[in-house]
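An overview of the molecular structure
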Amino acid sequence: MAGGNERSMRALKEVWKRAENSLCADCGKPDPDWASSTLGVFICLSCSGIHRNIPSISKVKSLKMDHWDDAQVQFLAKHGNAVTKAKYEAHIPIYYYQPTYSDCQVLREQWIRAKYERKEFTEPGKQLPYSDGVKEGILWKRGRDSGQFLPRKFLLSEREGCLKYFTKQDAKEPKINVKIDVINATFQPEKIGNPNGLQITYLKDNKTRNIFVYHESGKEVVDWFNAIRSVQFHYLKVAFPIASDNEIKNRLTRNFLKEGYMEKTGPKQREAFKKRWFTLDHRRLMYFKDPLDAFAKGEVFVGSRENGYSIQKGLPSGTQGNFSWHYGITIVTPDREYLFTCETETDQLEWIKAFTSVINQAMTPQEYASKCLDAVSFPS
């Protein structure tokens, strides 16, 4: 019996060492050490917890701690990540967001359920709940002034190229009507205080406006998210007919590069530094008094190095403004310097890394146009 166990373990390790199985089949995390004995995929600990909640589909075991019999090892050897992904990910729409291990729980769970439980991607041309070009339903929306979440009707239309919401079910006119090409949606469960929290950001008069929503159903809120991406994709295909699908995909909804608190001073650099919540959304750096503010208090465009933008660690010598945090950052632009302080050195280095990633990228023609239109900067 012991010899049989050793033989099974050797065979298991051989399958486990295959290059195709070196990343989690569901989120891409390196060195997965769990596997599904019913699906034949190698997965990470976090994804194994989601699989465990779908016992009718997937039975998971640890590759290090659990016993695997010969039949189970042979099943893994026959399948593995490449074969299983070829079956369950055969027809993923290009606009569908495939989460990674850094994404939130609801995105990863609904991705796993969509693949294995609902089998959404196994057949070509399958009608999907986010592919119709129109979506209507109720989302709980945070009031701009009250802070209360109230049910609101939302309507997404590919034909009209917009997202609307209505304050009353029977209202004929929407409260807002936002063009689909200025919308960004990103999951923010911690900020919103709900595991299904979604932040919808859009530009109004070239100023950023935030809407915070959630739905009790994880599937429903992820369907809304992918429906927005679907409508954006088809809108951009028409607007940019010579662009490739991958180029358009890269222009769909995106996660913020960095968020968190910093202190800032005004343009004279003699004012006291004030603690504010900052969001870096590609080339737009915005600040808010509160993370759930509807409108940014100020914004600055972050251009490229070749256009005179740079990032420096620390503050200029002789900075006069009073500040309580001592890890400084200076953003140099062609017009002025922007001064910030961070609470910890870790925060400072993370912000510098995020700013550097933006500054090192060449600006597109659209970003040049955006800079020319952007008259908003940090007030004092």
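Residues numbered from 1 in each chain as written. Predicted model: local features only at pLDDT ≥ 70, side-chain atom pairs only at ≥ 80, totals over all residues. Heavy atoms only, no water.

1. Some remarks on the overall build of the protein
What counts is decided by this rule: Helix and strand labels come from DSSP, where a helix needs a run of H or I of at least four residues and a strand needs a run of E of at least two; each type is numbered from the N terminus. Only protein chains enter the area calculation, which uses a 1.4 Å probe; residues under 20% of their type maximum are buried, those over 50% are exposed, and those in between are partly exposed. In what follows, residue pairs with any heavy atoms lying within 4.5 Å of each other are defined as contacts. Accessibility throughout is a Shrake-Rupley quantity obtained with a 1.4 Å probe, and a residue counts as covered only by protein chains that appear here.
A tally of regular secondary structure across the protein gives 10 helices and 17 strands. Overall, the protein is about 80 × 55 × 45 Å in size when its C-alpha atoms are taken along their principal axes. Across the 380 residues of the protein, 49% fall into the buried class. Nonlocal contacts in the protein, meaning residues at least 24 apart in sequence, comprise 54% of its contacts between residues at least 6 apart. Carbon and sulfur atoms form 50% of the exposed surface of the protein, whose accessible area is close to 18700 Å².

2. Re the UniProt feature "domain: PH" (unreviewed entry) in the protein
The criterion, for reference: UniProt positions are given in the numbering used here, feature names are shortened, and annotations may be inferred rather than shown by experiment.
When the UniProt feature table is mapped onto this chain numbering, "domain: PH" (unreviewed entry) sits at residues 132-233 and 255-360. Between the first and last C-alpha atoms of residues 132-233 the distance is 13 Å; the span itself is 20% helix and 46% strand. Each end of residues 255-360 is marked by a C-alpha atom, and these two atoms are 19 Å apart; helix forms 14% of the span and strand 38%.

3. Thoughts on the sheet that holds strand S15 (residues 310-313)
Stated formally: Two strands are said to pair when DSSP picks up at least two bridges between them. Here an angle of 0 to 180 degrees is reported between the N-to-C directions of two axes, which are lines fitted to C-alpha atoms, with helices fitted over the stretch in contact.
One open sheet holds the seven strands; their spatial order is S14-S13-S12-S11-S17-S16-S15, and the pairing between them is antiparallel. What marks the edges here is a single partner per strand, and that holds for strand S14 (298-301) and S15. Pairs of neighbouring strands in the sheet enclose a mean axial angle of 35°, with direction left out of account. Of the pairings in the sheet, the one linking strand S12 (residues 274-281) to strand S13 (residues 284-288) comprises five bridges and is antiparallel in character. Looking at the pairing, Asp281 lines up with Arg284 of S13. Along the sheet, helix H9 (residues 345-359) contacts strand S11 (258-264), S12, S13, S15, strand S16 (327-332) and strand S17 (337-342); its crossing angle with S15, the most-contacted strand, is approximately 165°.

4. Looking at the domain arrangement of the protein
To keep things clear, this is the line we draw: Segmentation of the chain into domains, including their bounds, is taken from an automatic or database domain assignment. Buried area: the accessible surface (1.4 Å probe) lost by two parts on joining, summed over both. A side-chain nitrogen of Lys or Arg and a carboxyl oxygen of Asp or Glu constitute a salt bridge if their distance falls within 4 Å. Any pair of N or O atoms that falls within 3.5 Å is considered a polar contact. Within protein, one atom must be able to donate a hydrogen and the other to accept it, and sequence-neighbouring residues count only if both atoms are side-chain atoms. The nonpolar class holds Ala, Val, Leu, Ile, Met, Phe, Trp, Tyr, Cys and Pro. Asp, Glu, Lys and Arg form the charged class, and all remaining residues, Gly among them, are polar.
Annotation of the protein at the domain level lists domain 1 (1-117), domain 2 (134-250) and domain 3 (258-376). Between domain 1 and domain 2, the C-alpha centre-to-centre distance is 33 Å. Contacts between the two partners involve eight residues from domain 1 and, on the opposite side, 17 residues from domain 2. Looking only at domain 1, the three residues that lose the most surface to domain 2 are Ile94, Tyr95 and Val106, adding up to 54% of its buried area. Between domain 1 and domain 2 we count zero salt bridges in total. Our count for the contact surface shared by domain 1 and domain 2 stands at two residue pairs in polar contact (both at pLDDT 80 or more). Along the lines of polarity and charge, the residues of the side of domain 1 that touches domain 2 split into seven nonpolar, one polar and no charged.

5. Quick word on unusual backbone geometry
For Asp31, which is not a glycine, the phi torsion comes out positive at approximately 60°. Here Asp31 is to be found in the loop between helix H1 (2-16) and strand S1 (34-36). Owing to a relative accessible area of 65%, Asp31 belongs among the exposed residues under this scheme. Of note, Lys119 is a non-glycine position whose phi angle comes to about 50°, a positive value. Its place among the elements puts Lys119 in the loop between helix H5 (105-117) and strand S4 (134-142). Of the residues examined, Lys119 reaches a relative accessible area of 34% and is grouped as partly exposed.

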